Amino acid sequence: MSIDTETAAKVAKLARIKVEPEALPALAQEFNTILGFIEQLNEVDVEGVEPMTSVTPMRLKRRKDGVTDGDMQDKILSNAPDAREGFFAVPKVVE
Amino acid sequence: MLDLTYETPKPKVIAGAKHDWELVIGMEVHAQVASQAKLFSGASTKFGAEPNSNVSFIDAAMPGMLPVINEYCIEQAVRTGLGLKAKINLTSAFDRKNYFYPDLPQGYQISQLYHPLVGEGEILVDMEPGIARLVRIERIHVEQDAGKSIHDMDPNMSFVDLNRTGVALMEIVSRPDIRGPEEAAAYIAKLRQILRYLGTCDGNMQNGNLRADVNVSVCLPGQYEKYQATQDFSHLGTRCEIKNMNSMRFIQQAIDYEARRQIAILEAGGKVDQETRLYDPDKGETRSMRSKEEAHDYRYFPCPDLLPLEIEQGWVDDIKASLPELPDQKKARFVTEFGLSEYDAGVLTAEVINADYFEKVAAGAGDGKLAANWVINELFGRLKKDDRDITDSPVDPDQLAGIIRLIKSDAISGKIAKDLFEIVYTEGGDPEKIVEDRGMKQVTDTDAIEAAVDEIIAANPAQVEKAKANPKLAGWFVGQVMKATGGKANPKAVNDLVASKLGL
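None of these values were measured; they are calculated from a predicted model.

Caption draft 1: Geometry of the overall build of chain A. Helix and strand counts for chain A come out as 3 helices and 3 strands. Since a compact globule built from 95 residues should have a radius of gyration of about 12 Å, the 22 Å found for chain A marks it as more spread out than a globular shape. Referenced to the eigenvectors of the C-alpha coordinate spread, the extents of chain A come out at roughly 55 × 45 × 25 Å. In chain A, which comprises 95 residues, the proportion classed as buried is 21%. When the accessible area of chain A is evaluated, it comes to approximately 7600 Å², of which 57% is carbon and sulfur surface.

This is the structure we're talking about:
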């Protein structure tokens, strides 16, 4: 698999990271290096091996259904650049 | 288990300018789990709270916060799956669906793409008595809801409320087995009914607790059958997805519009683009959501914050054992046990609370058919007139059963029973005592009726002559006797007496 500058531009856009056009070839090259490294893993035979999802033999932790959190509007909004009447205020996004 | 037999409805056909077209519809319904707290946090799910007050640091995606799953939400999704006769997957897993939007602070939605909790099931969609469509369910997965953006509070800004962020949703995905706008609405109605029976979702569409994405395509007659035989989608047309609808009426309108739009494109020699569209109820049309298209690359990957969800068969069995009687079974039982028509059984089982009320009346009255008539025609009619719900019906099942018992024992006539119902409805009280106290009992005492008949005959010799010539006029005497007895005479007894006295 090879990443061209167009794909690099698309990935940058999806990640909302601004990349100047002249920086794209280098970025694409970096992606290729990373993917090349990961390609090596494909050489390992994992036939019949279950994917390891955790290094500890743990069951997914669960919680009971009860309200134990929330009710802190001021704290939730405290980092917002703009908040009005209890809402986050953001530049207009409308379909 | 009892089952009613049914026939499959005909698909909706739309006549184009050149030839006929058929519709193919699949639905993705988002049903909010009826839980106290959110899927991965302890914040409340209560609707209508102060903005951003039902938000934890997990929902706000503060750095370092980790999700912990709400076991009850999983139980409700399993219960829903069992209610739809679906396969429950003992191992499922959560994935991240990545996209940016102001009401999604994490930058991703935790969902289940690769390993959903619930597999294939089915819903029998009732169209009319004896006609129903079996719609296959592909899967149900559990995911987080997003927050809410409000665009009309400020000319330049959108306002974001994260109260809904992280609330548990069940996404119920159907196969493309729905064949028309009416079937689509009936599908939602049936799904909503089942969810309400199960208690897993309140089905409140107005609050957005049940909303649907509808996939619509059109094809030439015959193509759909080829798809069903092979499950090969290439036999079908290109579909468009109409997003986020929470009204049955709009769903029908949107499907109808969308089908006609696609037909117009195809008949003009064009090609339908697979895309996401939005229905505008004011204009009555669907339009493309271009912004959504760009974001369609969701780059799903397994959520590293959550281990796979493993549940035990024993737990699933316990949930299964606790399932209530579901609408199809209840309806079939009402038909066989009480001899009701399928239509009446359908009306009574629409809401479980109505069905329970009816069963109490039927048991108390000892007559299912009469109980059904009174509940549907008198009680529902009267409640509707007052815009009241059965939960605040002034007449309880015991009272209604009491009225029906009085009819059955011939103590009161059907006409008086309606008056009695009105008294019980407005004033309350024990029907039997009211009848006794107010002298509403039907006069079955032949002597008393006979006296009244004699009196009328004696007072109207001219009418007597006419009736002897024309027996149809006997009805006039019956009417006079009923009037004289305040409607309390047993009509059959009066009829018989009038006939014999007039020598007819």
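Caption draft 2: Molecular detail of the interface of chain B and chain A. Contact residues are listed per partner, giving 52 residues for chain B and 40 residues for chain A. Note on chain B versus chain A: buried area summed over both sides is about 4100 Å², and carbon and sulfur give 58% of it. Inspection of the chain B/chain A interface yields 5 salt bridges. One salt bridge in this structure joins Asp154 of chain B and Arg84 of chain A, with 3.0 Å as the shortest N-O distance. Joining chain B to chain A, the criterion identifies 22 residue pairs in polar contact (both at pLDDT 80 or more). Only β3 (69-70), α1 (71-83), β10 (157-161), α5 (290-294) and β17 (309-310) of chain B provide two or more residues apiece to the side of chain B that touches chain A. The biggest single contributor to the side of chain B that touches chain A is β10 of chain B, with 5 residues.

Caption draft 3: Representation of the pattern of salt bridges in the model. Residue and element names in this part refer to chain B. Taken as a whole, this structure holds 45 salt bridges over all chains when the rule is applied. The salt bridge involving Asp126 is made with Lys190; its shortest N-O contact spans 2.8 Å. With Asp126 in strand β7 (residues 121-128) and Lys190 in helix α2 (residues 181-198), the pair connects residues that are 64 residues apart, well separated along the chain. With a relative accessible area of 4%, Lys190 lands in the buried category. With a shortest N-O distance of 3.2 Å, Asp126 and Lys331 are connected by a salt bridge. Residue Asp126 is located in strand β7, and its partner Lys331 is located in helix α7 (residues 327-338); the two are separated by 205 residues in the primary sequence. A residue is classified by how much of its surface remains accessible, and Asp126, at 28% relative accessible area, is partly exposed. Note on Lys331: relative accessible area 10%, which makes it buried. One connected set of salt bridges, linked through shared partners, spans Asp126, Lys190, Asp328, Lys331 and Glu342.

Caption draft 4: A look at the packing of aromatic side chains. Residue and element names in this part refer to chain B. Following the criterion strictly, the structure yields 13 aromatic pairs over all chains and no others. The rings of Tyr99, Tyr298 and Tyr300 are connected pair by pair, giving a single aromatic cluster. The cationic tip of Arg96 hangs over the ring face of Tyr108; the distance from NZ or CZ to the ring centre is 3.9 Å. In this structure, Arg179 packs its charged tip against the face of Tyr224, placed 3.8 Å from the ring centre.

Caption draft 5: Expanded view of the nonpolar core. All names here are of chain B. In this structure, Phe94, Ile172, Tyr187, Phe358 and Leu400 are the most contacted members of the largest nonpolar core, which totals 106 residues. With 9 residues, α2 is the single largest residue contributor to this core. The residues that make up this core include at least three from each of domain 1 (18-293) and domain 2 (324-437). Contact partners of Ile172, with chain neighbours within four places excluded, come to Met27, Glu28, Val29, Ala31, Thr80, Leu84, Ile137, Arg139, Ile140, Tyr187, Leu191 and Leu195.

Caption draft 6: Summary view of the sheet that holds strand β2 (residues 83-84) of chain A. Across the sheet, which stays open at both edges, the 4 strands sit in the order β2(A)-β3(A)-β10(B)-β9(B) with antiparallel pairing between neighbours. Among the strands making up the open sheet, the edge pair consists of β2 of chain A together with β9 (148-150) of chain B. Here 2 bridges tie β2 of chain A to strand β3 (residues 87-91) of chain A, and the two strands are oriented antiparallel to one another. When the sheet's bridge partners are listed, Arg84 of chain A is paired in β3 of chain A with Phe87 of chain A.

Caption draft 7: Examining the confidence of the model for chain B more closely. Confidence in the prediction of chain B, expressed as mean pLDDT, is 93, and 98% of residues score 70 or more. Model confidence for the complex is summarised by a pTM of 0.89, with the ipTM given as 0.89.

Caption draft 8: Layout of the domain arrangement of chain B. All names here are of chain B. The assigned domain composition of chain B is domain 1 (18-293), domain 2 (324-437) and domain 3 (446-502). For domain 1 versus domain 2, the distance between C-alpha centres works out to 37 Å. Taken together, the 13 residues of domain 1 in the interface contact 14 residues of domain 2. Buried area between domain 1 and domain 2, both sides added, is near 1000 Å², and the carbon and sulfur share of it is 55%. In this assembly, domain 1 and domain 2 are joined by 4 salt bridges. Counting the contacts that link domain 1 with domain 2 gives 7 residue pairs in polar contact (both at pLDDT 80 or more). Every element with two or more residues in the side of domain 1 that touches domain 2 is listed here: α1, β7 and α2. It is α2 that provides the largest number of residues to the side of domain 1 that touches domain 2, a total of 7 residues.

Caption draft 9: Region of the structure containing the sheet that holds strand β6 (residues 108-111) of chain B. All names here are of chain B. Pairing is antiparallel in the open sheet, where 3 strands are placed in the order β6-β5-β16. Strands with a single pairing partner mark the edges of an open sheet, and in this sheet they are β6 and β16 (301-302). Where strand β5 (residues 95-98) and β16 come together, 2 bridges link them in antiparallel fashion. Of the residues in β16, the one forming a bridge with Asp95 is Pro302.

Caption draft 10: Structural context of the environment of Pro63 of chain B. Among the structural elements, Pro63 of chain B can be located in the loop between β2 (20-32) and β3. Taking the C-alpha atoms as reference points, Pro63 of chain B and Gln106 of chain B, separated by 43 residues in sequence, lie 9.6 Å from one another.

Rules of the game
Residues numbered from 1 in each chain as written. Chains lettered and ligands numbered in written order. Predicted model: local features only at pLDDT ≥ 70, side-chain atom pairs only at ≥ 80, totals over all residues. Heavy atoms only, no water. Helix = DSSP H or I, 4+ residues; strand = E, 2+ residues; numbered from the N terminus. Rg over C-alpha atoms; globule rule 2.2 N^0.38 Å. Buried < 20%, exposed > 50% of the residue type's maximum accessible area, 1.4 Å probe, protein only. Areas by Shrake-Rupley, 256 points an atom, 1.4 Å probe, with all protein chains shown as cover. Contact = heavy atoms within 4.5 Å. Buried area = accessible area lost by both parts, 1.4 Å probe. Salt bridge = Lys/Arg side-chain N within 4 Å of Asp/Glu carboxyl O. Polar contact = N/O pair within 3.5 Å; in protein donor to acceptor, adjacent residues only side chain to side chain. Phe/Tyr/Trp six-rings, centres within 6.5 Å; stacked < 30°, edge-to-face > 60°. Lys NZ or Arg CZ within 6 Å of the ring centre and 35° of its normal. Core = buried A, V, L, I, M, F, W, Y, C linked by side-chain atoms within 4.5 Å. Domains from an automatic or database assignment. Pairing = 2+ DSSP bridges. pLDDT = per-residue confidence, 0-100.

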